[in-house]
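One letter stands for each residue in the lines below.
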Amino acid sequence: MASRATPDLIWSLIRGYNSFLVSQPNARFTRERGNLLNKHNRRFSGLTHARTADVHTTKKGLVLTLKKTASAQKQKPATQRVNVQLHKCGWRKYSHVLASEVSKYRPDLRRAAMRRAKKLHRASYRPTVYRLKKEHVPKPKLTEEEKKAAKTAKAAKPKAEKVTPKEQTEEQKKKIAWALKSKAIRKSHQPKTVKPRKHRYAAMSKKLRAAKQAARSAKFAKEHPEEAKKKAEKEAALLAKKKEKTAKQTKVAAERKAKRDARTATLRAEALKTLHEQQAKKKAAKEATKKAAEATKEATKEAAKKQ
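Reading the values: rules and limits
- Residue positions are given per chain, counted from 1 along the sequence in the order it is written.
- In keeping with the model being predicted, local features are shown solely for residues with a pLDDT of at least 70 and side-chain atom pairs are shown and tallied solely at 80 or more, while totals for entire chains, interfaces and linings include all residues.
- Side-chain measures were taken over the full set of non-hydrogen atoms in the model, leaving aside hydrogen atoms and water.
- Where helices and strands are cited, they refer to DSSP runs of H or I of at least four residues and of E of at least two residues respectively, numbered from the N terminus.
- By definition, residues are in contact when any of their heavy atoms lie within 4.5 Å.
- Note on areas: these come from Shrake-Rupley sampling with a 1.4 Å probe, and a residue is covered only by the protein chains present in the view.
- When accessible area is computed with a 1.4 Å probe and restricted to protein chains, residues below 20% of their type maximum are described as buried, those above 50% as exposed, and intermediate ones as partly exposed.
- Criterion used throughout: strands pair if DSSP finds at least two bridges between them.
- Any carboxyl oxygen of Asp or Glu within 4 Å of a side-chain nitrogen of Lys or Arg constitutes a salt bridge here.
- For helices, the fitted axis covers only the stretch in contact; all axes are lines through C-alpha atoms, and the angles between them, taken along N-to-C directions, range from 0 to 180 degrees.
- Note that the term roughly parallel is reserved for angles under 35 degrees, roughly antiparallel for angles over 145, roughly perpendicular for angles of 65 to 115, and oblique for everything else.
- The crossing is said to be left-handed when, going from far helix to near helix, the turn is anticlockwise and less than a right angle, and right-handed when the turn is clockwise.
- Three residue categories are used. Nonpolar comprises Ala, Val, Leu, Ile, Met, Phe, Trp, Tyr, Cys and Pro, charged comprises Asp, Glu, Lys and Arg, and polar comprises the others, including Gly.
- Throughout, nonpolar core names a set of buried Ala, Val, Leu, Ile, Met, Phe, Trp, Tyr and Cys residues whose side chains join them through atoms within 4.5 Å.
- Each residue gets a pLDDT score, which is the predictor's confidence in that residue and runs from 0 to 100.
- Each patch groups residues whose relative accessible area exceeds 30% and which form no salt bridge, using 9 Å between like charges and 5 Å between nonpolar side chains of Val, Leu, Ile, Met, Phe, Trp and Tyr.
- This count recognises Lys and Arg as positive and Asp and Glu as negative, with His and chain-terminal groups excluded.
- All charge positions are set by atom: Lys at NZ, Arg at CZ, Asp at CG, Glu at CD.
- Only Phe, Tyr and Trp rings are paired, with Trp represented by its six-membered ring, and only when their centres lie within 6.5 Å; those with planes under 30 degrees apart are stacked, over 60 edge-to-face, the remainder tilted.
- Sitting over a ring, as applied to charges here, requires NZ of Lys or CZ of Arg to be within 6 Å of the ring centre and within 35 degrees of the ring normal.
- Multiplying 1.5 Å by the residue count of a helix minus one yields the expected span of that helix.
- Polar contacts here mean pairs of N or O atoms no more than 3.5 Å apart (in protein, one a potential hydrogen donor and the other a potential acceptor; neighbouring residues in sequence count only if both atoms are side-chain atoms).

Participant: Lay out the overall build of the protein chain with the relevant residues and their values.
Facilitator: Scanning the protein chain from terminus to terminus reveals seven helices and five strands. Secondary structure elements in the protein chain, listed N-terminal to C-terminal, are α-β-β-β-β-β-α-α-α-α-α-α. Sequence-distant contacts, at least 24 apart, represent 37% of the contacts inside the protein chain between residues at least 6 apart. For the protein chain, the accessible surface area stands at approximately 28300 Å², while carbon and sulfur atoms represent 57% of it.

Participant: Residue-level account of the pairing of strand 4 (residues 61-67), with values.
Facilitator: Within strand 4, seven of the seven residues are buried, which leaves it mostly tucked inside the rest of the structure. Both strand 3 (residues 53-57) and strand 4 contribute to a ladder of five bridges, which runs antiparallel. Counterpart to aspartate 54 in the pairing with strand 4 is threonine 65. The antiparallel pairing of strand 3 with strand 4 creates a hairpin that spans three residues between the two strands.

Participant: An account of the pattern of salt bridges is needed here, citing residue identities and associated values.
Facilitator: Summed over the entire model, instances satisfying the criterion amount to two salt bridges. The partner of arginine 42 in a salt bridge is aspartate 8, and the shortest N-O contact between them spans 2.6 Å. Note that arginine 42 is positioned in the loop between strand 2 (28-30) and strand 3 and aspartate 8 in helix 1 (residues 7-14), a separation of 34 residues in sequence.

Participant: Before we move on, could you go through the packing of helix 2 (residues 91-105) against helix 3 (residues 110-124) and cite the residues and values that matter?
Facilitator: One can describe the packing of helix 2 onto helix 3 by two numbers: an axis separation of 9 Å at closest approach and a directional angle of 150°. Taken together, the axes of helix 2 and helix 3 are roughly antiparallel relative to one another. As helix 2 packs across helix 3, the resulting crossing turns out to be right-handed. For the pair formed by helix 2 and helix 3, the contact residues are Trp91, Tyr94, Ser95, Leu98, Ala99, Val102 and Ser103 on the first element and Arg110, Ala113, Met114, Ala117, Lys118 and His121 on the second. Looking at side-chain class alone, the contact of helix 2 with helix 3 contains eight nonpolar, three polar and two charged residues.

Participant: Quick rundown of the nonpolar core? Include the residues and the values.
Facilitator: With 18 residues, the main nonpolar core has Leu36, Val55, Leu62, Leu64, Leu98 and Val102 as its most contacted residues. Taken together, the elements giving at least two residues each to this core come down to strand 3, strand 4, helix 2 and helix 3. Looking at which element gives the most residues to this core, the answer is helix 2, with five residues. Excluding residues that lie within four positions of it along the chain, leucine 98 makes contacts with Val55, Leu64, Leu86, Ala113, Met114 and Ala117.

Participant: Lay out the confidence of the model for the protein chain with the relevant residues and their values.
Facilitator: Of all residues in the protein chain, 80% attain a pLDDT of 70 or more, and the chain-wide mean is 80. Element-level pLDDT for the protein chain is lowest in helix 5 (residues 170-189), with a mean of 71, against a maximum mean of 90 in helix 7 (residues 225-306).

Participant: If you had to explain a positive patch on the surface to someone new, which residues and values would you point to?
Facilitator: On the surface, Lys39, Arg110, Arg111, Arg115, Lys118, Lys119 and Arg122 cluster together into a patch of positive charge. Within the element layout of this structure, arginine 115 appears in helix 3.

Participant: Outline the packing of aromatic side chains, listing residues and values.
Facilitator: Tallied over the entire structure, the rule returns zero aromatic pairs. Here arginine 51 stacks its cationic end above the ring of tyrosine 105, 5.4 Å away from the centre of that ring. When the ring centre of phenylalanine 220 is taken as reference, the NZ or CZ atom of lysine 231 above it lies at 5.4 Å.

Participant: With reference to specific residues and values, describe helix 4 (residues 144-156).
Facilitator: Counted at 1.5 Å a residue, the expected span for helix 4 with its 13 residues is 18 Å, and the 19 Å between its end C-alpha atoms agrees. Burial of helix 4 is sparse: only zero of the 13 residues sit out of reach of the surface.

Participant: Describe in detail unusual backbone geometry, supporting the description with residues and values.
Facilitator: Of note in the backbone geometry, asparagine 38 takes a positive phi value of approximately 55° without being a glycine. Mapped onto the fold, asparagine 38 is located in the loop between strand 2 and strand 3. What makes asparagine 38 partly exposed here is its relative accessible area of 25%.

Participant: Describe the environment of serine 45, with residues and values.
Facilitator: Among the structural elements, serine 45 can be located in the loop between strand 2 and strand 3. Along the sequence, serine 45 and threonine 30 sit 15 residues apart, while their C-alpha atoms lie 8.4 Å from each other. Excluding residues that lie within four positions of it along the chain, serine 45 makes contacts with Trp11, Ile14, Glu32, Asn35 and Thr52. A polar atom in the side chain of serine 45 sits 3.4 Å from the backbone nitrogen of leucine 47.

Here's what the structure looks like:
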């Protein structure tokens, strides 16, 4: 196609749509070979130009791919591209090779090729870390006499005797009791888990709950009459205090309301008074203007008669 059609014609055909196009909301990219920046642009397109350059990575390192321009190679796509291996070494070494190769082939793509190669090199580069090996220190070999002596020493060590509950001393018993007590205290201080949605009074009605409470209170009064009496007196005192407090609050609220109503009434009366005064002033001004107009009219008429 490149031999028959010009780059301008090919670009005009593939500009709107092609199979390599990847469109984004703010930009358009391509995935064809030979496009160094993967931009949908005539300058960097790998489909329109006869000469294209591409940089990619392999296991051996970076590779520069160039397209052959000979007419014999155009019919064989497999042999149309040449790979230039850039060996795994420092950036300074193969950057010169890359720059010289691309500038000979297509000078306008030298900068783009260098940028792509540098980014790929940074992504694939892993610095070598040299770790020092630990020196192997061999264990000292023991003789047979030393081994026997170690075994006898181990056997001669007194073993800890197990104490049965009958043979326990008073101190040991006190320690065990204290440990059990502390364990119980720890358990009691732990937060209790609340059962979700399943409360024992969830399904009960209000009347049933009230009846159960009354039965409980009656039972408590039978068993402990003095405490029940004290409890009833306390509750009565609390109720009386609550009633007094509510009465005071209602009284204060009523006084505040009366004051507010009186203030609003006085303000309304003052506003009405000022309004009536303004209206009377306006009426008097209108009458004065009317009288002045009538007087001027009469004066003009008399002047006209005299003439």
